[in-house]
Amino acid sequence: GADIQTFKMDLKKIAAQHREETFRTLTKAIKMSDYTRLKELYLPGGSAMMDEYLEMFEDLCYYLKTRAPFLDKLHLPIASNKCFQNLSKIPDLQYLVVDRSRHFNLIGLSALCDDYAFSRFSLRILHLGVFKHHGFNKSEVSHFLAQMPNLISFSLMDEDRGLLSYDQNTPLGAKVLT
């Protein structure tokens, strides 16, 4: 565990009956190390089938925060506010891609740009799968972007969003193009 610097696993290739054991094993490996030299962790493959494993990914994010201080690239299949709150405290995290988000709103987004968050200055690339979220006012994304001085690439990974209109008749929370 402590000498692995890059770990990649396409979750779409993991059989359904082996997913839980796979996630538990990965989390345990990180949890059990005093620290890890892990710099890159890629776990693409987010889909609705990953929703049931959200708590495991929340645990993984907690242990990444406490055990992987050199992590600079992370790709997760799913994340929540709790995940983003932990990920914001990883000192060198520059690249964050999350295929799908659940239980995510302005609290999670704000955690990334908080005055005390490492991510506020370290994040350069951020792509979040944000699709159907009630209580997530996407018009507030502009405030988030203004707080992230080093962010060079950002999207909410929804190619079908409509443009945000400056028309006063546009309802609050209208979708934005990223």
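Residues numbered from 1 in each chain as written. Predicted model: local features only at pLDDT ≥ 70, side-chain atom pairs only at ≥ 80, totals over all residues. Heavy atoms only, no water.

Colleague: Can you tell me about the environment of Leu38, naming the residues and giving the values?
Modeller: Note on placement: Leu38 falls in the loop between α1 (16–32) and β2 (40–42). When the C-alpha positions of Leu38 and Pro69 are compared, they lie 8.1 Å apart, and in sequence the two are 31 residues distant. (Helix = DSSP H or I, 4+ residues; strand = E, 2+ residues; numbered from the N terminus.)

Colleague: Got a sec to walk through the nonpolar core? Specific residues and values, please.
Modeller: Leu64 and Leu76 are the most contacted members of the largest nonpolar core, which totals 45 residues. Contributions of two or more residues to this core are made by α1, α2 (54–67), β3 (73–76), α3 (81–87), β4 (95–98), α4 (106–112), β5 (125–128) and α6 (141–146). Take this core: its biggest share by element is 7 residues, from α2. If we skip the residues at most four places from it in the chain, Leu76 touches Leu43, Phe57, Leu60, Cys61, Leu87, Val97, Val98 and Asp99. (Core = buried A, V, L, I, M, F, W, Y, C linked by side-chain atoms within 4.5 Å. Buried < 20%, exposed > 50% of the residue type's maximum accessible area, 1.4 Å probe, protein only. Contact = heavy atoms within 4.5 Å.)

Colleague: Describe the confidence of the model for the chain, with residues and values.
Modeller: Taken over all residues, the pLDDT of the chain has a mean of 85, while the share at 70 or more is 83%. Below pLDDT 50 for its whole length, residues 160–167 participates in 16 contacts with residues either more than four positions away or in separate chains. (pLDDT = per-residue confidence, 0-100.)

Colleague: An account of α1 is requested, with residue identities and associated values reported.
Modeller: The terminal C-alpha atoms of α1, which comprises 17 residues, lie 25 Å apart, in line with the 24 Å expected from a rise of 1.5 Å per residue. For α1, the secondary structure elements touched by its buried residues are β1 (6–8) and α2. (Expected span 1.5 Å × (residues − 1).)

Colleague: Residues and numbers for the side chain of Ser88, please.
Modeller: For Ser88, the position within the fold is in the loop between α3 and β4. For Ser88, a relative accessible area of 4% corresponds to the buried category. A polar contact is formed between the side chain of Ser88 and the backbone oxygen of Gln85, at a distance of 2.8 Å. Those residues in contact with Ser88 that lie beyond four places of it in its chain are Ala111, Leu112, Ala117, Phe118 and Ser119. (Polar contact = N/O pair within 3.5 Å; in protein donor to acceptor, adjacent residues only side chain to side chain.)

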